[in-house]
Amino acid sequence: MRQCSRYNYRAQFQPSFDMLLKDLSAMLLAGDYVLSSHVDEFERNFASFNGSAYCLGVNSGTDALLIVLRSLGIGPGDEVITQANTFHATVAAIALTGATPVLVDADDESFLIDSTAVLAAITRRTRAIIPVHLFGKPTPMREILAVSHKKDFLVVEDAAQAHGARINGRRVGSLGIAGCFSFHPSKNLAAAGDAGAIVTNDATVARKVEQIRALGQRGPNEHVAVGYNSKLDSLQARILSHKLARLDDWNAQRRRVAAHYRDALVDIPVSFQRQDADEEHVYHLFQIRCEWRDDLLAHLKRSGVDAVVRYPVPIHLQPAFQHQGWSRGQFPVAERLANELLCLPIRPDLTEGDVGFVSDCVRSFFDHAIARRGA
Ligand SMILES: *Cc1c(COP(=O)(O)O)cnc(C)c1O
């Protein structure tokens, strides 16, 4: 039976896998494991890729968010705004600083943070907002930055799903006070394990992040803050440098796959994340929206398509946040998206044949559904 899976790590290492393996074995024998020249090199390359002055590598995307918020002095008594339809890590990072997460609903067409709802959520205690470039679509940053200047709070970008995406020609992550990236194996730029990074143009933030990721150290045996031990691993940095050179090509291929899907699924009752003229989406996920999501998902899985739901339970209905007092019905768009979205497989190396196969499987669901209704 034909199948279509979501990941192909083999393809990510071609064409120069042997060269990478040689480098990695040399690194294992040299023993320079922590914050080596390989980490410096990746940090330089990733900063320049994003058009940012600084990049600091950390353990994960979650740590990137947590360490940035700590470096901005955010903690108990402060409020940080984000969206109810994000991945758990965005809100966990806020809560882990001791600050209060304030949720707002998503926009029904872009699936990004609803900027009108943001205005209503601002209070005297708002210190920051975290827009999430969800599924690889850049958030319209102009409006959010304008409000943040007027109301005097900071914008931290969660770019964990949007490496290389652009809005008005600028890379996401380089627009707010800092941008946070994850290199989890599922992301567009994937390490062989957990890894993450922070980019910023602010020298003070960069210096604080550098201290906080290394147990608050300013110099040898001088600890000026209580920090974390969260550094990008040298082996992961080497793997990431190897892949970074191809990221723009891969993202362009993802856009091509997405365009094929949109064409192939044009006259059936599913809808898509809105496209905007001033953006370069990087399609970390390709979402289709459908009223009969659960039945469609089951049909696709039976047909050999590795479809999945991201995310079936919105933040405000997760048991971990019960004490926040959020309730069902409070963020209706986020709830509808949790019930209606489904991700089709998307990877740079999918062929037209693969996209055709997956699209035919989606179509056959509706053919059957219509046949059933007609019967
Ligand atoms: C993956 C992800 C994170 C967390 O990254 P990890 O490296 O898994 O800790 C944060 N925010 C969003 C939106 C993500 O998709």
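Structure's up top.
Cut-off values and rules
Residues numbered from 1 in each chain as written. Predicted model: local features only at pLDDT ≥ 70, side-chain atom pairs only at ≥ 80, totals over all residues. Heavy atoms only, no water. Helix = DSSP H or I, 4+ residues; strand = E, 2+ residues; numbered from the N terminus. Rg over C-alpha atoms; globule rule 2.2 N^0.38 Å. Contact = heavy atoms within 4.5 Å. Areas by Shrake-Rupley, 256 points an atom, 1.4 Å probe, with all protein chains shown as cover. Lys, Arg positive; Asp, Glu negative; His and termini not counted. Charge placed at Lys NZ, Arg CZ, Asp CG, Glu CD. Pairing = 2+ DSSP bridges. Axes fitted to C-alpha atoms, helices over the stretch in contact; angles between N-to-C directions. Buried < 20%, exposed > 50% of the residue type's maximum accessible area, 1.4 Å probe, protein only. Polar contact = N/O pair within 3.5 Å; in protein donor to acceptor, adjacent residues only side chain to side chain. Left-handed = near helix turned anticlockwise from the far one by under 90°. Nonpolar A, V, L, I, M, F, W, Y, C, P; charged D, E, K, R; others polar. Patch = residues over 30% accessible without salt bridge, like charges linked within 9 Å, V, L, I, M, F, W, Y side chains within 5 Å. Salt bridge = Lys/Arg side-chain N within 4 Å of Asp/Glu carboxyl O. Near = heavy atom within 4 Å.

## Observations regarding the overall build of the protein
Scanning the protein from terminus to terminus reveals 13 helices and 15 strands. For the protein, the C-alpha radius of gyration of 21 Å lies close to 21 Å, the compact-globule estimate for 375 residues. Excluding contacts between residues fewer than 6 apart, the proportion of contacts in the protein whose partners are at least 24 apart in sequence is 71%. Total accessible area on the protein stands at roughly 16,500 Å², and carbon and sulfur atoms take up 50% of it. Counting 41 positive and 42 negative side-chain charges, the protein places the centres of these two groups 2 Å from one another.

## Topic: the sheet that holds strand β5 (residues 154-158)
Read across the open sheet, the 7 strands follow the order β1-β9-β8-β5-β4-β2-β3; overall the sheet is mixed. The strands lining the two open edges of the sheet, one partner per strand, are β1 (54-58) and β3 (100-104). Averaged over all pairs of adjacent strands, the angle between their axes in this sheet comes to 25°, without regard to strand direction. Bridging between strand β2 (residues 79-83) and strand β4 (residues 126-130) involves 4 bridges; their strand directions are parallel. Paired with V80 across the two strands is A128, which belongs to β4. Contacts from helix α3 (residues 37-50) reach β1, β8 (178-182) and β9 (196-200) within the one sheet, and its direction differs from that of β1 by about 130°.

## Focus: the side chain of Q161
As for its position among the elements, Q161 is in the loop between β5 and β6 (166-167). Of the residues examined, Q161 reaches a relative accessible area of 4% and is grouped as buried. Within the structure, the side chain of Q161 is placed 2.6 Å from the backbone nitrogen of F135, a separation counted as a polar contact. Excluding anything up to four places from it in sequence, Q161 contacts H133, L134, F135, G136, K187, V282, H284, L285 and Y311.

## Structural notes on the packing of helix α4 (residues 61-71) against helix α5 (residues 88-96)
In contact at an axis separation of 9 Å, α4 and α5 are set at 35° when each is read in the N-to-C sense. The handedness of the crossing between α4 and α5 comes out as right-handed. From α4, T62, L65, L66 and L69 reach across to α5, where they touch A89, T90, A93, I94 and L96. The residue makeup of the contact of α4 with α5, split by class, is 7 nonpolar, 2 polar and no charged.

## So, a nonpolar patch on the surface
A grouping of L28, L29, Y33, V34 and L35 is seen on the molecular surface, where their side chains present a nonpolar patch of about 530 Å² in accessible area. Of note, V34 is situated in the loop between α2 (17-30) and α3.

## Details of unusual backbone geometry
A cis amide bond links Q14 to the next residue, P15, at an omega of 5°. Looking at the element boundaries, P15 is found in the loop between α1 (9-13) and α2. You will see that L215, though not glycine, has its phi angle at about 55°, which is positive. In this structure, L215 sits in the loop between α8 (203-212) and β10 (217-219). Residue L215 is classed as partly exposed on the basis of its relative accessible area, which comes to 44%. Positive phi, close to 40°, is recorded for Y283, a residue that is not glycine. Counting through the fold element by element, Y283 comes out in the loop between β13 (279-280) and β14 (286-289).

## Looking at helix α9 (residues 234-244)
Here α9 lies mainly inside the structure; 10 of its 11 residues are buried. Turning to α9, its buried residues number three or more, namely S234, Q236, A237, R238, I239, L240, S241, H242, K243 and L244. Packing partners of the buried residues in α9 comprise α1, α2, α3 and α10 (247-264). The N-cap residue of α9 is D233: its side-chain oxygen and the backbone nitrogen of L235 are 3.0 Å apart.

## Re the site of the ligand
All residues in the neighbourhood of the ligand are listed as S60, G61, T62, F87, A89, T90, V132, D158, A160, Q161, S182 and K187. Q161 is positioned with one of its side-chain polar atoms (N or O) 2.8 Å from an oxygen atom of the ligand. When the ligand sits alone it has 380 Å² of accessible area, and the protein chains cover 93% of it. Secondary-structure elements contributing two or more residues to the shell around the ligand are α4 and α5. Partitioned by chemical class, the residues of the shell around the ligand number 4 nonpolar, 6 polar and 2 charged.

## A look at the sheet that holds strand β7 (residues 170-171)
The strand order across the open sheet formed by 3 strands is β7-β6-β13, and the pairing between neighbours is antiparallel. Bordering the open sheet on either side are β7 and β13, each of which pairs with just one other strand. For β6 and β13, the ladder comprises 2 bridges, and the chain directions are antiparallel. If you follow I167 over to β13, its bridge partner there is E279.

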